[in-house]
Amino acid sequence: NVGVYSWALVSLVFSLAGVADLGAQIFRANLWFQAVVRVGIGIVMLRIQGGDATNLTSVSSSYTMALAASYMCCAAQMTFFPEIPDFAIIQLGALKLILERVFSRMLFKDSLTPYTTLSVAAPKNSILLLIGVLILVTRISVILRVHRRIAPGKAVYLAAWRKVCAEQQASIAKLRQSVSAIMKGCQHGKARQLNPEAHEEAIA
């Protein structure tokens, strides 16, 4: 857990410094690294457990492999769906909470009550859950704040556009026909958008 939180802190520092992409890459690499390491440790434990499915090594190897799968799931979500990191982090915290509770149950044979679940596993995973919730709340608050700020300008734009539509219907109809003709001519083509450097090279 020390490695997870240490690299997560490094990622946060880079994000706050204005290089959020680098921070996200570090965090994803950290998750994949943690998953691979735990897979290796789990395999070693499985090889040395000696066929006894009830000993501590067997229980620990099962827990380690399940934890590796949790890290892989979170890393895959952040790799292929980077726009919603909060859900991946919350999911990882919840999965670790459940796994640690089941691990405690397998070792100590205690009851699976909500109280014991929270008392045993929550202190170790509350940080992950808190980070995920904070990211989610921050993202929603930013979206709502941006929506409120663009609302007045959007209202002005819509009013102006309605006025244009009412006063220049003939011109808009011709524009619609021109756009439709261009769309028909391009429907079998390959769309390209050159950046300034590529455009200059094409001209040269």
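Residues numbered from 1 in each chain as written. Predicted model: local features only at pLDDT ≥ 70, side-chain atom pairs only at ≥ 80, totals over all residues. Heavy atoms only, no water.

What should I look at first to understand the overall build of the protein in this one?
Scanning the protein from N- to C-terminus turns up 7 helices and 0 strands. Order of helices (α) and strands (β) in the protein, N terminus to C terminus: α-α-α-α-α-α-α. Relative to its 204 residues, the protein shows a buried fraction of 24%. Put simply, of all contacts in the protein between residues at least 6 apart along the chain, 60% involve residues at least 24 apart. As displayed, the protein offers around 14200 Å² of accessible surface, 69% of which is attributable to carbon and sulfur atoms. (Helix = DSSP H or I, 4+ residues; strand = E, 2+ residues; numbered from the N terminus. Buried < 20%, exposed > 50% of the residue type's maximum accessible area, 1.4 Å probe, protein only. Contact = heavy atoms within 4.5 Å. Areas by Shrake-Rupley, 256 points an atom, 1.4 Å probe, with all protein chains shown as cover.)

Explain a nonpolar patch on the surface to me, please; I cannot follow it from the model alone.
Judged by side-chain polarity, Val10, Phe14, Val19 and Leu22 come together as a nonpolar surface patch covering roughly 260 Å² of accessible area. Mapped onto the fold, phenylalanine 14 is located in helix H1 (residues 2-16). (Patch = residues over 30% accessible without salt bridge, like charges linked within 9 Å, V, L, I, M, F, W, Y side chains within 5 Å. Salt bridge = Lys/Arg side-chain N within 4 Å of Asp/Glu carboxyl O.)

What is the right way to look at the nonpolar core in this model?
Nonpolar side chains tend to gather and get buried jointly when the protein is soluble and globular. Counting residues in each nonpolar core, the largest one holds 13 residues, and the members touching the most others are Phe27, Leu31, Tyr71, Cys74, Met78 and Leu92. Sorting the residues of this core by element identifies helix H2 (20-48), helix H3 (56-80) and helix H4 (85-108) as the ones contributing at least two each. Not counting the four nearest positions on each side in its chain, leucine 31 is found in contact with Tyr71, Cys74, Ala75, Met78 and Leu92. (Core = buried A, V, L, I, M, F, W, Y, C linked by side-chain atoms within 4.5 Å.)

Got a minute to help me understand the state of the cysteines in this structure?
Put plainly, two cysteines are in a disulfide when a covalent bond ties their sulfur atoms together. The tally for this structure, following the rule as stated, stands at 0 disulfides. The thiol of cysteine 74 is not disulfide-bonded; the next cysteine sulfur, from cysteine 73, is found 7.4 Å away. Assessed through its relative accessible area of 1%, cysteine 74 is described here as buried. (Disulfide = S-S within 2.5 Å.)

How should helix H6 (residues 169-186) be read in this particular structure?
Because the α-helix completes a turn every 3.6 residues, residues three or four places apart line up on one side. The end-to-end C-alpha distance of H6 is 26 Å, a good match for the 26 Å that 18 residues give at a rise of 1.5 Å each. Counted residue by residue, H6 has 1 buried out of 18 residues, so it is predominantly exposed. (Expected span 1.5 Å × (residues − 1).)

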